[in-house]
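A look at the structure
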Amino acid sequence: MVEQPVPADEAAENAPVLPEGQAGPATPVDDAELSRAVVALTGDDVPVQDRRRLLGRLVRIEVGERGVKDLFRPRKAIGWVTDSVTRVAPYIPVRDLETLRAHHPGLDGDALAERLIRNASMVTAGIGAAGGGIAAVEWVATPSLLSAPVLLAAETVAVVAVEMKLIGELHAVYGRPINGSGTQRAFALIQAWAERRGVNPLRVGGSVAAAMGTALRKELRDRLLKRFGRNLSTMGPFLTGAAVGGFLNRRATLSLGDEIRKDLKSNPGGGDQRVIEA
C-alpha cells in the first residue's frame, strides 16, 4: 500500500513552531504528556492520520525540551532519545497472559508469540511509514528540512516503546512475566531491549535513574544510535522515505522478536525469579 502525501493543513498542525530568532529550548513538558503520546503510538490499530499527529506531538515536545539547534547535533539528539525512552518505559502498557489470550482467542504458546511479533512489526512499520510521509512534505513544500532530525528522534522513541511492549508480552506468553513496580519493570525492559535477550532475573538494580548511570546507559545509547542511524533512510525524498522507513522498522522488529523468543525458549525457567529491587 502506497503512503499518501500528507495534507498541507496536517503538516502545518504537526510542524514545530518557534518564535522568530528563538533557538533554545522552551519550557519542558512533564513525563505524562510525553508518555501519553508515545503510549498511544504503540496501539495495534492506530489510523495513519492519528500516527502522524502523534508523531507531530512528539516533535513539538522535543523542540520544547531541547530546541531545534541541539537536535541537529547527533549527540544531543541521541541524548534526548535516551532520556525519553527511560522516562516513558515505566508507562508502557504490557498485557498479561490472560488479557493476551482474550485479545487473540484460540492462540497460545508459539502461535500467540508469532502473532504478537507480527502485529508489533506492523505497528513499527506504520510508524516508519507515517514518519516518512511527514518527512516527504519537507521535500516538496516550504519551509526547509527543519524538522527532519527532530522527526527521526521522535520516531525512534516510538518504535523502541513498541518493541519494549512486545518484549514484556513475550515474557508473559512464555511464563516469565516481568513483575514489580513500574520502575522495576522499566529497568527490566530497558535491559532486555538493549541486550536483545530475555530479562535476567538475577540482575539486581536500583531505580531507572540509578541504573542509567551505569554501563547499561552506554549500552542503551549505543543501541539507540544504531537504530537512529538506520532510520535516517526515512528522510528520503518524496515517498521513498515512507516505504523504506516502514520496511526497515518491520524487519528490525521481527528480528528482535525472534531473538527474544528464542532466548526465552532456550531458558524457560529463567533462573531465580527474584524481583529486581527498587
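Because the structure is a prediction, the values reported are computed rather than measured.

1. Overview of the nonpolar core
- Counting 64 residues, the largest nonpolar core has Leu58, Ile127, Met164 and Trp193 as the members making the most contacts within it.
- Among the elements of the structure, helix 2 (31-41), helix 3 (48-66), helix 5 (74-88), helix 7 (109-140), helix 8 (148-173), helix 9 (182-195), helix 11 (215-230) and helix 12 (240-266) are those that each provide at least two residues to this core.
- If one sorts the elements of this core by residue count, helix 8 sits on top with 17 residues.
- Those residues in contact with Trp193 that sit more than four places away from it in its chain are Val160, Glu163, Met164, Ile167, Leu220, Arg223, Leu224, Arg227 and Leu256.

2. Brief notes about the layout of surface pockets
- Of the pockets and cavities examined, the second largest pocket occupies roughly 240 Å³.
- Ranked by residue count, the leading element in the lining of the second largest pocket is helix 9, at four residues.
- Across the lining of the second largest pocket, the residue classes tally to nine nonpolar, three polar and three charged.

3. What to know about the side chain of Arg95
- Examined against the element boundaries, Arg95 turns out to sit in the loop between helix 5 and helix 6 (97-103).
- One polar contact links Arg95 to His103, side chain to side chain, over a distance of 3.0 Å.
- A polar side-chain atom of Arg95 sits 2.8 Å from a polar atom in the side chain of Glu169.
- Filtering out sequence-adjacent residues up to four positions away, Arg95 remains in contact with Asp44, Leu100, His103, His104, Leu116, Lys165, Glu169 and Ala172.

4. Structural notes on the pattern of salt bridges
- According to the stated counting rule, one finds 12 salt bridges in the structure shown.
- The partner of Asp31 in a salt bridge is Arg87, with the nearest N and O atoms 2.7 Å apart. Of this pair, Asp31 sits in helix 2 while Arg87 sits in helix 5, and the two are 56 residues apart along the sequence.
- Given a relative accessible area of 31%, Asp31 falls into the partly exposed group.
- Here Arg217 and Asp83 are joined by a salt bridge, their closest N and O atoms 2.9 Å apart. Residue Arg217 is located in helix 11, and its partner Asp83 is located in helix 5; the two are separated by 134 residues in the primary sequence.
- Given the relative accessible area of 23%, Arg217 is considered partly exposed.
- Taken together, the shared-partner salt bridges in this structure form one network comprising Asp31, Glu65 and Arg87.

5. Focus on unusual backbone geometry
- Although it is not a glycine, Arg196 sits at a positive phi angle of roughly 55 degrees.
- Mapped onto the secondary structure, Arg196 falls in the loop between helix 9 and helix 10 (208-211).

6. Thoughts on the packing of helix 2 against helix 3
- Viewed as axis vectors pointing N to C, helix 2 and helix 3 meet at an angle of 150 degrees, and their least axial separation amounts to 9 Å. Judged on the interaxial angle alone, helix 3 and helix 2 are roughly antiparallel. Once helix 2 is placed against helix 3, the crossing between them reads as left-handed. Touching Glu33, Leu34, Ala37, Val38, Ala40 and Leu41 of helix 2 are Arg51, Leu54, Leu55, Arg57, Leu58 and Ile61, all from helix 3.
- In terms of residue class, the contact of helix 2 with helix 3 is made up of nine nonpolar, no polar and three charged.

7. Let's talk about helix 2
- Taken residue by residue, helix 2 has Leu34, Ser35, Ala37, Val38 and Leu41 as its buried positions. Projection of helix 2 onto a plane perpendicular to its axis shows the buried side chains occupying an angular sector of 165 degrees, all on one side.

8. With respect to the environment of Gly109
- Within the secondary structure, Gly109 sits in helix 7.
- If we ignore the near neighbours within four places in the chain, the residues touching Gly109 are Val173 and Tyr174.

9. Let's talk about the environment of Leu170
- With respect to the element layout, Leu170 can be found in helix 8.
- Separated by 58 residues in the primary sequence, Leu170 and Leu112 place their C-alpha atoms 8.8 Å from one another.

10. Here's the deal with the confidence of the model for the protein
- Put simply, the protein has an average pLDDT of 76, and 66% of its residues get 70 or more.
- At the level of individual helices and strands, the protein shows its lowest average pLDDT in helix 1 (residues 8-14), which scores 38, and its highest in helix 6, which scores 97.
- Throughout residues 138-146 the model reports pLDDT below 50, and contacts reaching past four residues in sequence, or to other chains, amount to 13 contacts.
- Counted against residues more than four places away or in other chains, residues 271-278, with its pLDDT under 50, gives 20 contacts.

Conventions we followed
Residues numbered from 1 in each chain as written. Predicted model: local features only at pLDDT ≥ 70, side-chain atom pairs only at ≥ 80, totals over all residues. Heavy atoms only, no water. Core = buried A, V, L, I, M, F, W, Y, C linked by side-chain atoms within 4.5 Å. Buried < 20%, exposed > 50% of the residue type's maximum accessible area, 1.4 Å probe, protein only. Helix = DSSP H or I, 4+ residues; strand = E, 2+ residues; numbered from the N terminus. Contact = heavy atoms within 4.5 Å. 1 Å grid on protein atoms, 1.4 Å probe; cavity = no way out; pocket = protein on both sides within 12 Å on 5 of 7 lines; lining within 4 Å. Points joined across faces, edges and corners; volume = space filled by probe spheres on them. Nonpolar A, V, L, I, M, F, W, Y, C, P; charged D, E, K, R; others polar. Polar contact = N/O pair within 3.5 Å; in protein donor to acceptor, adjacent residues only side chain to side chain. Salt bridge = Lys/Arg side-chain N within 4 Å of Asp/Glu carboxyl O. Axes fitted to C-alpha atoms, helices over the stretch in contact; angles between N-to-C directions. Parallel < 35°, antiparallel > 145°, perpendicular 65-115°, else oblique. Left-handed = near helix turned anticlockwise from the far one by under 90°. Arc of directions from axis to C-beta. pLDDT = per-residue confidence, 0-100.

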